[in-house]
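Chain residues, written in single-letter form:
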Amino acid sequence: MPILSNTHNRHPETILFRQFEGEIQKEDIFESWKQIINNKTLNKNTKGIINNLNSCDFMLNMDDFNFLMKFLNKYESIKKIKIAVVADCPKKIIFPMLGEKQEKELNIKPFSSNEAAVEWILSN
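Only a predicted model underlies this, so the values are computations on that prediction, with no experimental measurement involved. (Residues numbered from 1 in each chain as written. Predicted model: local features only at pLDDT ≥ 70, side-chain atom pairs only at ≥ 80, totals over all residues. Heavy atoms only, no water.)

Draft legend 1. Local environment of the pattern of salt bridges. Summed over the entire model, instances satisfying the criterion amount to 7 salt bridges. In this structure, Lys91 and Asp57 form a salt bridge, with 3.6 Å as the shortest nitrogen-oxygen distance. Taken together, the positions of Lys91 in helix α4 (residues 90-102) and Asp57 in strand β3 (residues 48-59) put the pair 34 residues apart, joining distant regions of the chain. By relative accessible area, which is 51% here, Lys91 ends up exposed. Taking the shortest distance from any N to any O, the salt bridge between Lys92 and Asp88 comes out at 3.5 Å. Lys92 sits in the buried class, given a relative accessible area of 8%. By sharing partners, the salt bridges in this structure join Glu76, Lys79 and Glu105 into a single network. (Salt bridge = Lys/Arg side-chain N within 4 Å of Asp/Glu carboxyl O. Helix = DSSP H or I, 4+ residues; strand = E, 2+ residues; numbered from the N terminus. Buried < 20%, exposed > 50% of the residue type's maximum accessible area, 1.4 Å probe, protein only.)

Following this line, the structure appears as C-alpha cells:
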C-alpha cells in the first residue's frame, strides 16, 4: 500500500503521521482508514492525524470524496480527532478545503507544512 502510517517522531502519543506516496487510488485511502479503525490505532491520547500528500499523485473525484466523508462520519473515534491534510498543489488541496467547509462533524483542515499541522493539532 502506498500509504505509510507511523506515529509522529516528536509527538508519538498524540499524533499519527501518514505519508502518501506514488499513485493513490480511492481504494488505497479507504483501506488505510479501515486499518486505522479496525486496528484501534486511535486511542484516548490521540489528538490528530497528519496526512501528507506532497509525494503522491492523488486520484480522487468528487463522488469518491463524498463517499469518504460519509464513511468517516460513521466513526466517533474519527470525529473526536483533528485531521490535518498537508498538500502542495491546488489539485490535492481542494478536497481538504471542501472537507473543512462542508463537514460539520469532522475536524478537517488543509495545511502547506507539517509544522503548521502539528501546531493546529496540539492547540486546544
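Draft legend 2. Looking closely at the side chain of Lys92. Here Lys92 shows up in helix α4. Within the structure, Lys92 has its side chain in polar contact with the backbone oxygen of Leu53 (distance 3.0 Å). From its side chain, Lys92 meets the backbone oxygen of Cys56 in a polar contact 2.8 Å long. Apart from residues lying up to four places away in sequence, Lys92 is in contact with Leu53, Asn54, Ser55, Cys56, Phe58 and Ala87. (Polar contact = N/O pair within 3.5 Å; in protein donor to acceptor, adjacent residues only side chain to side chain. Contact = heavy atoms within 4.5 Å.)

Draft legend 3. Focus on the nonpolar core. One finds Ile29, Trp33, Phe58, Leu72 and Ile78 to be the most contacted residues of the largest nonpolar core, which totals 28 residues. Mapped onto this core, the elements with two or more residues apiece are β2 (15-25), α1 (26-38), β3, α2 (62-73), β4 (82-86) and α4. Other than its neighbours up to four places away in sequence, Phe58 contacts Ile24, Ile29, Leu53, Lys91, Lys92 and Phe95. Formed by 10 residues, the second largest nonpolar core is a distinct cluster that contains Ile15, Val118, Trp120 and Ile121. (Core = buried A, V, L, I, M, F, W, Y, C linked by side-chain atoms within 4.5 Å.)

Draft legend 4. Broad picture of the packing of aromatic side chains. A full pass over the atoms with the stated rule returns 5 aromatic pairs. Over the aromatic face of Trp33 sits the side chain of Arg18, whose NZ or CZ is 4.6 Å from the ring centroid. The side chain of Lys82 reaches across the aromatic face of Trp120, ending 5.1 Å from its centre. (Phe/Tyr/Trp six-rings, centres within 6.5 Å; stacked < 30°, edge-to-face > 60°. Lys NZ or Arg CZ within 6 Å of the ring centre and 35° of its normal.)

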